[in-house]
Amino acid sequence: MQHIPIRQLPESNQEPSLVGSFSIRSLEAILDGKELVEELHRHDFFLMLILIRANGLHEIDFVSYEVGHYSIFY
């Protein structure tokens, strides 16, 4: 069976203290200059991805979704 890496969000000192483990981050800050394309992975957090300007495909659970301007993924 293939090992699937688990993605974690690094701690950030740039946001106010919020209730529980809720966090709002910009994609630019998370990527830190790296490419957005990633191999197969899992998350240890819930994610709402809001894209203002985008195009391409986003694959979730082996299903491809078209990405366009003003896309939201949960």
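Above this note sits the structure.
Here the structure is a predicted model, which is why all the values come from computation and not from measurement. (Residues numbered from 1 in each chain as written. Predicted model: local features only at pLDDT ≥ 70, side-chain atom pairs only at ≥ 80, totals over all residues. Heavy atoms only, no water.)

Novice: Would you mind going over the nonpolar core in detail, with residue names and values included?
Specialist: Grouped together as the largest cluster of nonpolar side chains are 5 residues: Leu 49, Leu 51, Ala 54, Val 67 and Phe 73. If sequence neighbours within four positions are ignored, Leu 51 has contacts with Leu 27, Val 67, His 69, Tyr 70, Ser 71 and Phe 73. (Core = buried A, V, L, I, M, F, W, Y, C linked by side-chain atoms within 4.5 Å. Buried < 20%, exposed > 50% of the residue type's maximum accessible area, 1.4 Å probe, protein only. Contact = heavy atoms within 4.5 Å.)

Novice: Now, about the packing of aromatic side chains: what can you tell me, with residues and values included?
Specialist: Under the definition given, this model contains 1 aromatic pair. Ring geometry for Tyr 65 versus Phe 73: centroids 6.3 Å apart, planes at 65°, classification edge-to-face. Taking relative accessible area as the criterion, Phe 73 reaches 11% and is therefore assigned buried. (Phe/Tyr/Trp six-rings, centres within 6.5 Å; stacked < 30°, edge-to-face > 60°.)

Novice: Talk me through the pairing of strand E5 (residues 63–67); I want residue IDs and the actual numbers.
Specialist: The pairing of strand E4 (residues 56–60) with E5 spans 5 bridges and is antiparallel. Each residue of the ladder has a partner; that of Glu 59, found in E5, is Ser 64. (Pairing = 2+ DSSP bridges. Helix = DSSP H or I, 4+ residues; strand = E, 2+ residues; numbered from the N terminus.)

Novice: Could you give me a rundown of the side chain of Ser 71, with the residues and numbers involved?
Specialist: You can see Ser 71 is positioned in strand E6 (residues 71–73). Every residue in contact with Ser 71, bar those within four places of it in the chain, is listed here: Leu 49, Ile 50 and Leu 51.

Novice: How would you explain the environment of Leu 51 if you had to name every residue and give the values?
Specialist: Position of Leu 51 relative to the elements: it lies in strand E3 (residues 49–51). Assessed through its relative accessible area of 13%, Leu 51 is described here as buried. Expressed as a C-alpha distance, the spacing of Leu 51 and Leu 27, which sit 24 residues apart in the sequence, is 9.0 Å.

The values are spatial; any link to function lies outside them.
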